[in-house]
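Descriptive analysis of the structure
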Amino acid sequence: MLGAGLALALCALQLCPAALGGSYPQLLVERSGSRRLSKVGGFAWENCGDRRDPVVLQSLSVAPDPISIPGSLRISAAVSSGKAMASPLKVVLVVEKALGDLWIQLPCIDQLGSCTYNDVCTILDNLIPPGTTCPEPLLTYGIPCHCPFKAGSYSLPASDFILPDVELPAWMTNGNYRVRAAVSNGGEELACVKVAFSLQSQ
């Protein structure tokens, strides 16, 4: 599950390849403070599902702050899962960008922004072909990178990932962002996480 979580984090940062079709919601605007996780500047996270969600993020840290693209990203995380998770794992991302005291929901354009991925397992298979060894540091820490994910606890000590020099659209560059990621299977919510971060592209 932590492997899927890392993939979700990269998707939230708009760094995962376009792999699946997504929805195209309208541009939404709301005033700051109308949701709990409204921090502007600085990294923050919280679980947003109900207490019955079987998958819970126990800890998450990201450095540097703001996140720099290109650059190195150090992540540590811990996840507990009370249920095995198999394909299809649907992921719904809601990405918002701060504009003054407003939060603007970014639409899904070319698989960037507030997109729906009908099966994150397919995304993982496209990033890491089945039958190949999971990349480091996932391999070292016994974190799976393909579905199904067994129930249990997964922990990633502080590890460095290289963020490549990718060309981001103008509306996805420097700024403060909030991302809500909800994971479900067959209509049952398995996990929900909100993340706030600052992005700085060179």
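To keep things clear, this report deals only with the structure shown in the data block. Here the structure is a predicted model, which is why all the values come from computation and not from measurement. (Residues numbered from 1 in each chain as written. Predicted model: local features only at pLDDT ≥ 70, side-chain atom pairs only at ≥ 80, totals over all residues. Heavy atoms only, no water.)

1. Here we look at the pattern of salt bridges
Within this structure, the stated rule accounts for four salt bridges. In this structure, D160 engages R74 in a salt bridge whose closest nitrogen and oxygen atoms are separated by 2.8 Å. Remark: R74 occurs in strand 5 (residues 71–81) and D160 occurs in strand 9 (residues 152–163); sequence separation between them is 86 residues. Given a relative accessible area of 43%, D160 falls into the partly exposed group. In this structure, K83 engages E188 in a salt bridge whose closest nitrogen and oxygen atoms are separated by 2.6 Å. Pair noted here: K83 is in the loop between strand 5 and strand 6 (90–99) and E188 is in strand 11 (residues 188–201), with a separation of 105 residues, a long-range link. Residue classification places K83 among the partly exposed residues on the basis of a relative accessible area of 33%. (Salt bridge = Lys/Arg side-chain N within 4 Å of Asp/Glu carboxyl O. Helix = DSSP H or I, 4+ residues; strand = E, 2+ residues; numbered from the N terminus. Buried < 20%, exposed > 50% of the residue type's maximum accessible area, 1.4 Å probe, protein only.)

2. Notes on helix 2 (residues 120–127)
Among the residues making up helix 2, those that are buried are V120, C121, I123 and L124. For helix 2, the angular spread of buried residues about the axis comes to 155°, placing them on one side. Where helix 2 begins, one side-chain oxygen reaches toward the backbone nitrogen of C121, 3.1 Å away; that side chain belongs to D119. (Arc of directions from axis to C-beta. Polar contact = N/O pair within 3.5 Å; in protein donor to acceptor, adjacent residues only side chain to side chain.)

3. Side note on the side chain of D53
Tracing the backbone through its elements, the reader meets D53 in the loop between strand 2 (44–47) and strand 3 (55–63). It turns out D53 is buried and unbridged, and the closest side chain with the opposite charge, R52, is 6.7 Å from it. (Lys, Arg positive; Asp, Glu negative; His and termini not counted.)

4. Description of the environment of V120
Position of V120 relative to the elements: it lies in helix 2. Judged by relative accessible area, which is 2%, V120 ranks as buried.

5. Topic: the sheet that holds strand 3
The three strands are arranged 3-5-9 in an open sheet whose pairing can be described as antiparallel. With one partner strand each, in any of the chains shown, strand 3 and strand 9 form the two edges of the open sheet. The sheet shows a mean angle of 15° between the axes of neighbouring strands, taken without regard to direction. Relative to strand 9, strand 5 runs antiparallel, the two sharing 10 bridges. (Pairing = 2+ DSSP bridges. Axes fitted to C-alpha atoms, helices over the stretch in contact; angles between N-to-C directions.)

6. What to know about the pairing of strand 6
Most of strand 6 is tucked away: seven of the 10 residues are buried. As paired strands, strand 6 and strand 8 (residues 116–117) are joined by two bridges and run antiparallel to one another. By the bridge assignment, V91 is partnered in strand 8 with Y117. Direction of pairing for strand 6 relative to strand 7 (residues 102–105): antiparallel, over a ladder of four bridges. When the sheet's bridge partners are listed, E96 is paired in strand 7 with Q105.

Remember that the coordinates give geometry; whether it matters functionally is a separate question.
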